[in-house]
Amino acid sequence: MSEPKSSIVSSLEIAANLGIVIGLLLVAFQIAQQEDIAQTEVQGELFSEVTAHYQNLAGENPAISIARAIDEPVSLSTEDHVVLFNLYMAEFSKAMRQESMPGYKLSRSAVARWSGLVSNPYGYAWWKTVGSNLAPFIPQLYAAVEEELEPHGIDHADGFQNTQAAIKTVLLEIQERE
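The notes below deal with the structure included here. Everything numeric here is computed off the predicted structure, so don't read it as measured data.

Scoring rules and cut-offs
- Residues numbered from 1 in each chain as written.
- Predicted model: local features only at pLDDT ≥ 70, side-chain atom pairs only at ≥ 80, totals over all residues.
- Heavy atoms only, no water.
- Core = buried A, V, L, I, M, F, W, Y, C linked by side-chain atoms within 4.5 Å.
- Buried < 20%, exposed > 50% of the residue type's maximum accessible area, 1.4 Å probe, protein only.
- Helix = DSSP H or I, 4+ residues; strand = E, 2+ residues; numbered from the N terminus.
- Contact = heavy atoms within 4.5 Å.
- Salt bridge = Lys/Arg side-chain N within 4 Å of Asp/Glu carboxyl O.

1. Quick look at the nonpolar core
If you look at the biggest cluster of nonpolar residues, it comprises 24 residues, and the most contacted ones within it are Phe92, Trp114, Tyr122, Trp126, Trp127, Ile138 and Val145. Those elements giving two or more residues to this core turn out to be helix H3 (78-99), helix H4 (108-117), helix H5 (121-134) and helix H6 (139-149). Non-local contacts of Trp126, meaning those with residues more than four positions away in its chain, are made with Phe85, Tyr88, Met89, Phe92, Trp114, Gly131 and Leu134.

The structure is reproduced here in structure tokens:
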């Protein structure tokens, strides 16, 4: 074989081998992506099952227990505690799922939502006892909510009642105008 043909054949063999190596790298990359996707799906299903478990234990009408927690927190029954505890755990499970997502960035609305969730006596007490134990699972959210609660201290537990009173005042003003 002449030298130019030999050089072309060698170049083609090198190119073919490079193509095979690149192809194998692409397949390996695709397998790794599939594994990540599968792991994310399994993790998502697990969080969904845990959340559903807590929601089931909270019952079909947790609003009754929430209202009692706002109006008469001292008179909460054991059933109310079970309902409220599981309601908050379901919400915690959702927050944990979000915070465990790659690239998660805490939103202001998540902090405002949790600040509202704990603006009643039971919610505040739950946050200060159970929430602090769960903080390692939601470090961003926990730190931000704590920063939100700090200026108000225990008075934050009256937040819902204060909002309710303010709304009643405005409603009375509207009614008086009519």
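There is more to say after this.
2. Digging into the pattern of salt bridges
Applying the stated criterion to the full structure yields five salt bridges. Residues Arg68 and Asp80 are paired through a salt bridge, measuring 2.5 Å at the closest nitrogen-oxygen approach. On the criterion of sequence distance, the pair formed by Arg68 in helix H2 (residues 63-71) and Asp80 in helix H3 is long-range, its members being 12 residues apart. Classification of Arg68 as partly exposed rests on a relative accessible area of 29%. According to the relative accessible area criterion, Asp80 is buried, its value standing at 3%. For Glu91, the salt bridge identified is with Arg113, shortest N-O distance 1.9 Å. On the criterion of sequence distance, the pair formed by Glu91 in helix H3 and Arg113 in helix H4 is long-range, its members being 22 residues apart. On the basis of relative accessibility, which here comes to 10%, the residue Glu91 falls in the buried class.

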